[in-house]
Amino acid sequence: MKKVKVGIIGCGMITQTRHAPEYAQNPNAEIVGLYDANAERAGEFAALYDCKAYPSVEALLADPEIEAVSVCSPNYTHAEYSIKALQAGKHVLCEKPMALNLEDSRRMMETAQATGKLLMIGHNQRLLPTHRRAHEILRSGAIGRILTFQSNFKHPGPENWSVNRSNTTWFFDSRKAQFGALGDLGAHKLDIIRYLTGREVAQVNATTMTLDKRKPSGEFIDVEDNAMVFFRMDDGVPGIMHVSWTNYGEEDNSTVIYGDKGVMKIFGDYSDDIVLEMRDGSIVKYMVGKIQTNTHQTKSGIIDEFIGAITENRAPLITGQDGHNTLATIVACFRSAKEGRWVDVEY
Ligand SMILES: NC(=O)c1ccc[n+]([C@@H]2O[C@H](COP(=O)([O-])OP(=O)(O)OC[C@H]3O[C@@H](n4cnc5c(N)ncnc54)[C@H](O)[C@@H]3O)[C@@H](O)[C@H]2O)c1
């Protein structure tokens, strides 16, 4: 099979830990070149992967050899780079959160539609074997009717992850990130909630806060380091989510679904992946595969899915619409937090 030739925009941690190694491992993909605003990093990375370092995004997108692009630069570049890439005739895998606002995410979807190119969003958690298995178990009716749910994503913060390991990272700069923990970690869990429950979020009541992260000046950062959200799904099912950059203990990436026949705990305890606690007292355990943590990366499957969708000429499992619906929920959370009340999610 002819290999899909790819370009990567942004050579930070998500490219270093996921996109680049997973392209290199995929037999149907070849990295042709990359671009990073930091030319030194781009040069080092190009040498490592034996590919070109382009002087600009425009130069990368003008290369007719490149058929597909990963957009792995900071949030504020996602819409601009993705739209330019689609217009240049490339398939796009854009990291999450998809964009900074819904006008941009709609324009991204419209451009994909108009150009006939794929637009996939990096909500990789739904590709995890454990989440896929949990999805199957839920659909089989094992825990009955879903009554409520709870999802968490809490770690010590992106200054322990980004290529810039300090509190000057772009993740703490609202002009570049727009959102804090809600856009970074909430984006993953909102996608998982939609995927596992099979429902869209209808209403949210959210609180965002900055409890601990500070700029070098000593002032609090200007994005939230914690967010707590109450949900009402489109059929009325209620749920809650806590995302946090201030969990200085073990990373928490758990989701618990409460049904009328039992409870499903996903990554509730790191010794078992899925545990069903049944109403009759019986316990069923599944070992499927560990989740990635900041310090322990496993293959995410995001690149295999993107390349698979291109070569099989099919829609990817995580579409632009998935990214948009998640972003719409994030936007509604901020409106709710500002207005101090329940709000409808406007898609
Ligand atoms: N799917 C996931 O699990 C996951 C995890 C982490 C990050 N992300 C997302 O990936 C994206 C990148 O995050 P990261 O963790 O790699 O950040 P990072 O700070 O480690 O790296 C960012 C890189 O982008 C480069 N850059 C900055 N401005 C640029 C520009 N205008 N054009 C091109 N390159 C530019 C920087 O020089 C740096 O190399 C973010 O949108 C983030 O939300 C996704």
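The numbering scheme is per chain: residues are counted from 1 as the chain's sequence reads. Per-residue local features of the predicted model are confined to residues with pLDDT of at least 70, and side-chain atom pairs are confined, for both listing and counting, to 80 or more; whole-chain, interface and lining totals are unaffected and use all residues. With hydrogens and water set aside, each side-chain value is computed from the structure's full complement of heavy atoms.

Whenever a carboxyl oxygen of Asp or Glu lies within 4 Å of a side-chain nitrogen of Lys or Arg, that contact is scored as a salt bridge. Counted according to the given criterion, the structure contains 26 salt bridges. Asp63 serves as the salt-bridge partner of Lys52, at 3.1 Å between the closest nitrogen and oxygen. Placement of Lys52 in strand S3 (residues 52-53) and of Asp63 in the loop between helix H3 (57-61) and strand S4 (68-71) is noted, with a sequence separation of 11 residues between them. Burial here depends on accessible area, computed with a 1.4 Å probe over protein chains only, as a share of the maximum for the residue type. Under 20% is buried, over 50% is exposed, and the range in between is partly exposed. On the accessibility criterion, Lys52 (40% relative accessible area) is partly exposed. Strands here mean DSSP runs of E at least two residues long; helices mean DSSP runs of H or I at least four residues long; both are numbered from the N terminus.

Turning our attention to the sheet that holds strand S5 (residues 91-94). Here a strand pair is declared whenever DSSP counts at least two bridges between the two strands. Pairing in this open sheet of 6 strands is parallel, and the strands run S3-S2-S1-S4-S5-S6 from one edge to the other. The two strands at the open ends of the sheet, each matched to only one other strand, are S3 and strand S6 (119-121). Sheet topology places strand S2 (residues 29-35) next to S3; 2 bridges connect them, and they run parallel. Along S3, the bridge assignment pairs Gly33 with Lys52. A contact between two residues is defined here by any heavy atoms of the two lying within 4.5 Å. For every element, the axis is a line fit to its C-alpha atoms; helices are fit only across the contacting stretch, and the angle between N-to-C directions ranges from 0 to 180 degrees. The strands touched by helix H1 (residues 13-25) within the sheet are strand S1 (4-9), S2, S4 and S5, with S1 carrying the most contacts at an inclination of about 165°.

The next subject is the environment of Ile274. For Ile274, the position within the fold is in strand S13 (residues 272-278). The sequence separation of Ile274 and Thr130 amounts to 144 residues, and the corresponding C-alpha distance is 7.3 Å. Discounting chain neighbours no more than four positions away, the residues touching Ile274 are Thr130, Arg133, Ala134, Ile137, Met264, Lys265, Val284, Lys285, Tyr286 and Val288.

For the ligand, the set of nearby residues contains 29 residues, the closest of which are Asp36, Arg41, Asn124, Trp161 and Ser162. A 3.5 Å cut-off defines polar contacts: any pair of N or O atoms within that distance qualifies, except that in protein one atom must be a possible hydrogen donor and the other a possible acceptor, and neighbouring residues in sequence count only when both atoms are side-chain atoms. Within the backbone of Ala37, an N or O atom sits 3.4 Å from a nitrogen atom of the ligand. Here an oxygen atom of the ligand and a side-chain polar atom of Trp170 are 2.9 Å apart. Under the convention used here, a 1.4 Å probe and the Shrake-Rupley method define accessible areas, while residue burial counts only the protein chains that appear. Protein contact buries 91% of the 850 Å² of open area that the ligand shows by itself. Element by element, the count of residues in the shell around the ligand is highest for H1, at 3 residues. A per-class count over the shell around the ligand returns 14 nonpolar, 10 polar and 5 charged. Mapped onto the domain boundaries, the shell around the ligand takes at least three residues apiece from domain 1 (4-124 + 302-317) and domain 2 (125-295 + 325-344). Nearness of a residue to a molecule or strand requires only that one of the residue's heavy atoms be within 4 Å of it. Lys, Arg, Asp and Glu make up the charged group, whereas Ala, Val, Leu, Ile, Met, Phe, Trp, Tyr, Cys and Pro make up the nonpolar group; the residues left over, Gly among them, are polar. Bear in mind that the domain bounds are from an automatic or database domain assignment.

Aromatic pairs are defined between Phe, Tyr and Trp rings, using the six-membered ring for Trp, whenever the two ring centres lie within 6.5 Å; interplanar angles under 30 degrees are classed as stacked, those over 60 as edge-to-face, and all others as tilted. Applying the stated criterion across every chain, the model contains 5 aromatic pairs. Consider the rings of Phe149 and Phe231, whose centres lie 5.8 Å apart with planes at 35°: the pair is tilted. Linking Phe149 in strand S7 (residues 146-154) with Phe231 in strand S9 (residues 226-233), this pair joins segments that are 82 residues apart in sequence. Here Phe149 and Phe231 have matching classes, each one buried. Judged by centre distance (3.9 Å) and plane angle (25°), the ring pair of Trp170 and Phe171 falls under stacked. A ring is scored as having a charge over it whenever the NZ atom of a lysine or the CZ atom of an arginine sits within 6 Å of its centre and within 35 degrees of its normal. Note that Lys189 overlies the ring of Phe153, its terminal NZ or CZ placed 5.6 Å from the centroid. Above the ring of Phe220, the side-chain terminus of Arg214 is found at 4.1 Å from the ring centroid.

What follows deals with the domain arrangement of the chain. Partitioning the chain into domains gives domain 1 (4-124 + 302-317) and domain 2 (125-295 + 325-344). Between the C-alpha centres of domain 1 and domain 2 there is a distance of 25 Å. The interface is formed by 23 residues belonging to domain 1 together with 25 residues belonging to domain 2. Approximately 2,000 Å² of surface area, both sides summed, lies buried where domain 1 meets domain 2, with 65% of it carried by carbon and sulfur atoms. What gets called buried area is simply the loss in accessible area from a 1.4 Å probe that two parts show on being joined, summed for both. Considering only the surface of domain 1 that becomes buried against domain 2, Met13, His123 and Asn124 emerge as the three largest contributors, covering 31% of it. The interface formed by domain 1 and domain 2 includes 1 salt bridge. The partner of Asp184 in a salt bridge is Lys96, with the nearest N and O atoms 3.0 Å apart. Our count for the domain 1 to domain 2 interface comes out at 8 residue pairs in polar contact (both at pLDDT 80 or more). Going through the elements one at a time, H1, helix H5 (102-115) and helix H9 (302-311) are the ones with two or more residues in the side of domain 1 that touches domain 2. Examining the composition of the side of domain 1 that touches domain 2, we find that 5 residues originate from one element, H1, more than from any other. A breakdown of the residues in the side of domain 1 that touches domain 2 according to their chemical character gives 10 nonpolar, 9 polar and 4 charged.

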